[in-house]
Amino acid sequence: MVAELERRYPPVWAEEWDRVGLVLGEPCAPVRRVLCVVDVVPETVAEALAAGVDMIVAHHPLLLRGVSSVAPTTYKGRIVHQLIKSDVALYVAHTNADVAAPGVSDALAARFGLTGLRPLHPPAPGSPAHGAGRGIGRIGELPEPMTLAELARHAAAVLPVTAWGVRAAGDPGRMVRTLAVSGGSGDAFLADATAAGVDAFLTADLRHHPAGEHLAAEGPALLDAAHWATERPWLDDLAALLRATPGVETLVSDLDTDPWTVHAAPPAVDDKEPRP
């Protein structure tokens, strides 16, 4: 199982700061059932244990930064102890899956039916991941042009449902034909979207000042979805990959692990009118 994952998502493709690969478990232990998740949190661990899986394959690292203890008195320590006691392995494919082709953003682009895909942010020449269409994000053509307002509504319909939903920045009537997408946090790639000349850029975790400055410089319109929602589509592709291994059953977690759980819409215009 580890060999198949590393064939599709070689660890050398990951960013230097990233922590990918086998986190827990014996490399040669048999794997019959796998749960694919975006986040390793108590809720998805409980789901894995209830399903009797042998391995969790996660997108986000559980142990991204150094720790001095995995005692069960700590949040992550409790998760580590649960998995070890239950003999459940943990494997992470993060930025090496982001840059892969097909990878995280290909699955996101497929939700919009984008064609003519190319990377938004290709790896630097000479880097291990360079070439073969790999890179962060994807740029493509929508099947039919639509306004930014229509695209925002369409995005909310085709992406996994979250309380966050989808918000957009720019002229609601702007026509969008070319769309850039990047699963996960994407405001580091605003300049790439501008340089590519796309009409709009959909990603997650956009911040106030970078987004405002981007629009002031006449950059593409922006669509900001929940982080989890932009990466959840990849789990289906990951499950299909692992399912091709004889004797392996794959499950996909649909537990919404986005931290934002309440969305309050503003009152209707009529409700804002003073009442006698």
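Residues numbered from 1 in each chain as written. Predicted model: local features only at pLDDT ≥ 70, side-chain atom pairs only at ≥ 80, totals over all residues. Heavy atoms only, no water.

### Details of the confidence of the model for the chain
- Residues at a pLDDT of 70 or more form 97% of the chain, whose mean pLDDT is 95.
- Ignoring residues within four places in sequence, the model shows residues 271-276, a span with pLDDT below 50, making one contact including any to other chains. (pLDDT = per-residue confidence, 0-100. Contact = heavy atoms within 4.5 Å.)

### Things to note about the packing of helix α2 (residues 42-51) against helix α3 (residues 75-85)
- Running from amino to carboxyl end, α2 crosses α3 at an angle of 5 degrees, the nearest separation of the two axes being 11 Å. When the axis of α2 is compared with that of α3, the two are roughly parallel. Taken together, the residues of α3 that come into contact with α2 (itself represented by Pro42, Val45 and Leu49) are Tyr75, Ile79, Gln82 and Leu83.
- A class-by-class count of the residues in the contact of α2 with α3 yields six nonpolar, one polar and no charged. (Axes fitted to C-alpha atoms, helices over the stretch in contact; angles between N-to-C directions. Helix = DSSP H or I, 4+ residues; strand = E, 2+ residues; numbered from the N terminus. Parallel < 35°, antiparallel > 145°, perpendicular 65-115°, else oblique. Nonpolar A, V, L, I, M, F, W, Y, C, P; charged D, E, K, R; others polar.)

### Some details on the environment of Gly135
- Its place among the elements puts Gly135 in the loop between β5 (115-121) and β6 (136-147).
- Sequence separation between Gly135 and Pro102 is 33 residues; the distance between their C-alpha atoms is 9.9 Å.
- Discounting residues that sit within four places of it in the chain, Gly135 has contacts with Asp98, Val99, Pro119, His121, Pro122 and Pro123.

### Things to note about the nonpolar core
- Counting residues in each nonpolar core, the largest one holds 29 residues, and the members touching the most others are Tyr9, Val34, Met55, Val57, Trp234 and Leu238.
- Those elements that place two or more of their residues in this core are α1 (2-8), β2 (33-37), β3 (55-58), β4 (89-92), α4 (95-99), α5 (104-111) and α9 (227-243).
- Per-element tally for this core: the top contributor is α9, with eight residues.
- If sequence neighbours within four positions are ignored, Val34 has contacts with Met1, Val53, Met55, Val57, Leu242, Val248, Glu249, Thr250 and Leu251.
- Of all hydrophobic cores here, the second largest spans 20 residues; its members include Ala109, Ala155, Leu202 and Ala225. (Core = buried A, V, L, I, M, F, W, Y, C linked by side-chain atoms within 4.5 Å. Buried < 20%, exposed > 50% of the residue type's maximum accessible area, 1.4 Å probe, protein only.)

### A closer look at the sheet that holds strand β9 (residues 200-204)
- Taken in spatial order, the six strands make up an open sheet running β5-β6-β8-β9-β10-β7, and their pairing is mixed. Two strands bound the open sheet, and with one partner strand each, they are β5 and β7 (166-169). The mean inter-strand angle of the sheet, taken between neighbouring strand axes irrespective of direction, is 30 degrees.
- Sheet analysis places β6 next to strand β8 (residues 175-185), joined by six bridges and oriented antiparallel. Bridge assignment links Arg138 to a residue of β8, and that residue is Val181. (Pairing = 2+ DSSP bridges.)

### Considering the packing of aromatic side chains
- If you walk through the whole model with that rule in mind, you get two aromatic pairs.
- Both rings, one in Tyr9 and one in Trp234, keep their centres 5.7 Å apart while their planes meet at 70 degrees; by these two values the pair is edge-to-face. A residue pair is termed long-range when its members are at least 10 positions apart, and Tyr9 in the loop between α1 and β1 (21-24) and Trp234 in helix α9 qualify at 225 residues. By the burial criterion, Tyr9 is buried, and Trp234 matches it.
- The interplanar angle of 45 degrees and the centroid separation of 6.2 Å between the aromatic rings of Trp164 and Trp260 together place this pair among those described as tilted. (Phe/Tyr/Trp six-rings, centres within 6.5 Å; stacked < 30°, edge-to-face > 60°.)

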